[in-house]
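# Structural overview for review
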Amino acid sequence: MDVVVIGLGFTGLPTAVAAARAGMTVLGVDASRERIGEITEQRPGCGRGTVDEQDLGGALASGRLRLRHSADGIPHSGTYVLCVPTPADHRGRLDVSMLNQAADDVARSMRPGALVLVQSTCAPGTVEEVLLPRIAAMSGLRPGLDFHLAHSPVRTDPGNVSVDTVPRVVAGHTPRCTELAVRFVGRVADRVVPVSSPRAAELVKVFENTFRMVNISLACELAALCRAQRVDVDEVLAAAGTKPYGFLRHRPGPGAGGDCVPVSAGFFTASARRYGLHSPVVDAAIAVNEAMPAHTVHRVREALAARGLPPLRRCRVLVAGVTYKPDTANVRQSAAVRVLNELAAEAEVAYHDPYIPELVLDNGTVLRSQPVTAPADLVLVMTRHAAKDPVRRADVPVFDCSSGDPVEVA
Ligand SMILES: NC(=O)c1ccc[n+]([C@@H]2O[C@H](COP(=O)([O-])OP(=O)(O)OC[C@H]3O[C@@H](n4cnc5c(N)ncnc54)[C@H](O)[C@@H]3O)[C@@H](O)[C@H]2O)c1
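Residues numbered from 1 in each chain as written. Predicted model: local features only at pLDDT ≥ 70, side-chain atom pairs only at ≥ 80, totals over all residues.

On to the overall build of the protein. Looking only at helices and strands, the protein has eleven helices and 15 strands in total. Compactness check: the protein gives a C-alpha radius of gyration of 23 Å against a globular reference of 22 Å for 410 residues, within 12% of the reference. Oriented by its inertia axes, the alpha-carbon framework of the protein measures out at about 75 × 50 × 40 Å. When burial is assessed residue by residue, the protein has 45% of its 410 residues classed as buried. Put simply, 68% of the contacts in the protein that link residues at least 6 apart link residues at least 24 apart. (Helix = DSSP H or I, 4+ residues; strand = E, 2+ residues; numbered from the N terminus. Rg over C-alpha atoms; globule rule 2.2 N^0.38 Å. Buried ≥ 20, exposed ≤ 12 C-beta atoms within 10 Å, placed from the backbone. Contact = placed C-beta atoms within 7 Å.)

In the region of the ligand, 27 residues are neighbours, and G7, G9, F10, T11 and S120 sit closest. The set of elements that each furnish at least two residues to the shell around the ligand consists of β2 (26-30) and α4 (97-109). When its residues are assigned to classes, the shell around the ligand shows 13 nonpolar, eleven polar and three charged. (Near = placed C-beta within 6 Å. Nonpolar A, V, L, I, M, F, W, Y, C, P; charged D, E, K, R; others polar.)

On to the nonpolar core, then. Among the nonpolar cores identified, the biggest contains 111 residues, and L82, V116, V317, V319 and L380 are the most heavily contacted of them. Residue contributions to this core peak at nine residues, all from helix α7 (residues 198-228). Setting aside anything within four residues of it in sequence, one finds V116 in contact with Y80, L82, V106, I135, F147, H148 and L149. (Core = buried A, V, L, I, M, F, W, Y, C linked by C-beta atoms within 7 Å.)

Burial along strand β6 (residues 148-151) is two-sided: the face carrying H148 and A150 and the face carrying L149 and H151 are both buried. Relative to β6, strand β5 (residues 115-118) runs parallel, the two being bridged by four bridges. Paired with V116 across the bridge in β6 is L149. In this region the chain leaves β5, passes through helix α5 (residues 126-139) and returns to the parallel neighbour β6; the handedness of that crossover is right-handed. Two elements, β6 and strand β7 (residues 168-172), share two bridges in a ladder whose sense is antiparallel. The residue bridging H151 from the neighbouring strand is A171, located in β7. (Pairing = 2+ DSSP bridges. Right-handed = clockwise from strand over helix to strand, strands pointing away.)

Only a minority of non-glycine residues have a phi that is not negative, and only a minority of peptide bonds are not trans. Phi at Q42 is positive, roughly 50°, even though this residue is not glycine. Tracing the chain through its elements places Q42 in the loop between α2 (33-40) and α3 (53-62). Judged by the 14 C-beta atoms lying within 10 Å of it, Q42 is partly exposed. The phi dihedral of R230 is positive, around 55°, even though this residue is not glycine. By the secondary structure assignment, R230 is in the loop between α7 and α8 (233-240).

Let us look at the sheet that holds strand β15 (residues 407-408). Strand order in the open sheet formed by five strands is β10-β9-β13-β14-β15, and the pairing between neighbours is mixed. Lying at the two open borders of the sheet, with one neighbouring strand each, are β10 (348-352) and β15. Pairing analysis gives five bridges linking strand β9 (residues 316-320) to β10, with the strands arranged parallel. Bridged to R316 within β10 is E348.

Looking now at the packing of α4 against α5. Put simply, α4 and α5 touch, their axes get as near as 8 Å, and they point 35° apart. The handedness of the crossing between α4 and α5 is right-handed. Judged by residue contacts, L99, N100, A103, D104, V106, A107 and R108 of α4 engage L131, R134, I135, M138 and S139 from α5. Taken together, the residues that form the contact of α4 with α5 break down as seven nonpolar, two polar and three charged. (Axes fitted to C-alpha atoms, helices over the stretch in contact; angles between N-to-C directions. Left-handed = near helix turned anticlockwise from the far one by under 90°.)

Here the focus is helix α6 (residues 175-188). For α6, with 14 residues, the first-to-last C-alpha span of 20 Å sits near the 20 Å given by 1.5 Å per residue. Every buried residue of α6 is accounted for by C177, T178, L180, A181, F184, V185 and V188. Angular distribution of buried residues about the axis of α6 spans 165°; they occupy a single face of the element. Close packing links the buried residues of α6 with α1 (12-21), β4 (79-82), β5, β6, β7 and β8 (192-194). (Expected span 1.5 Å × (residues − 1). Arc of directions from axis to C-beta.)

Here we take up the sheet that holds β5. Spatial strand order, β3-β2-β1-β4-β5-β6-β7-β8: eight strands in an open sheet with mixed pairing. Across the chains shown, the open sheet's two edge strands, defined by having one partner strand only, are β3 (65-69) and β8. For this sheet, the mean angle separating the axes of adjacent strands, direction not counted, is 25°. Along the sheet face, α1 touches β1 (3-6), β2, β3 and β4 and points at about 165° away from the line of β2. Packed onto the sheet, α2 meets β2 and β3 and runs at close to 155° relative to β3.

Here's what the structure looks like:
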């Protein structure tokens, strides 16, 4: 076995398929039997928008990619790639439990000379302070001498399967670790950007996501300022976007979600606190982001009152599009779901999303996706999927909230 990829989700499966396509023999390992089943059967959508499902079929048919449940053990391999989730705990710090579990599984299986490449997004310091001593203790091997350890965070854009063209940052514990990791990543990605240490690589990933969070929150503040002055925020952003340097356009929205942006901003502030530093800019961006769903619901209330429509508490509201971004079957930290939870406190709620058949609200209510024509007094479009049925209804008011502000759709 050339490579074992641990965790076959949005980021692990594309790595496994790319390694197989590059001619390596790959074992994909996952802790979920359901996940192994859907990939083995190549159920439509199992590529989660990050893998070309034809490429996946080819890799499986060639025998270069095989799959296994983690409980069935991990075989010896030259390279282990860790792609397990790294969520935040309630204080924004990294919940390292799944990463530790994967590291332990690897440490039990590996032999001298192996490379362990951590692709999961990590809070600064995780790779060398947490994983390195853990793997060394459990395997009895010396890091940098008997085994190699490196970090290469992933820049995946779900919905876009050609991520192998995106440059990959790589850093090892020692120059030799970096060399081996660059060699592996160079076979699955077009461009590799080595940096001096795993900590630097961790900071690159955390910073680039935090940058997005700060700028999305800033765009939300601009939207409020434009509204107060009756100026079209899109006009301002489009014109500002013509500046050829020093400006990068971000759009306002109902709140940034997903696995990366809000989680990384939390890692940033938790890391700052750890070093006795303040991060007021990032703290403010997080606060703006957390307030956006309530703000959106408040703006919907205002819009209903301004149009003489019944208040929310007398409405059945159909929310259209609940994923955190268009055309991606992922509701993690989705602003649309947070809006649904806010609405559920005062209105009867339902949702429509062809990507998400079922959704559990914070109050335990289990909702099933309804047709877009389902009975409702009001439709709120939160996430606009490009490829699936657009929301068109003549019988009830439709408000598009995908920019964070309700705009009535004619
Ligand atoms: N999803 C994205 O767009 C994205 C982008 C860049 C970086 N990342 C980062 O990549 C990492 C993985 O995220 P993802 O979105 O691919 O996760 P995911 O939830 O899509 O998939 C993770 C898989 O790992 C499996 N798993 C969990 N613990 C395991 C274990 N101990 N052994 C084997 N399998 C295990 C789960 O069953 C799941 O199938 C995270 O750190 C995330 O922040 C994600």
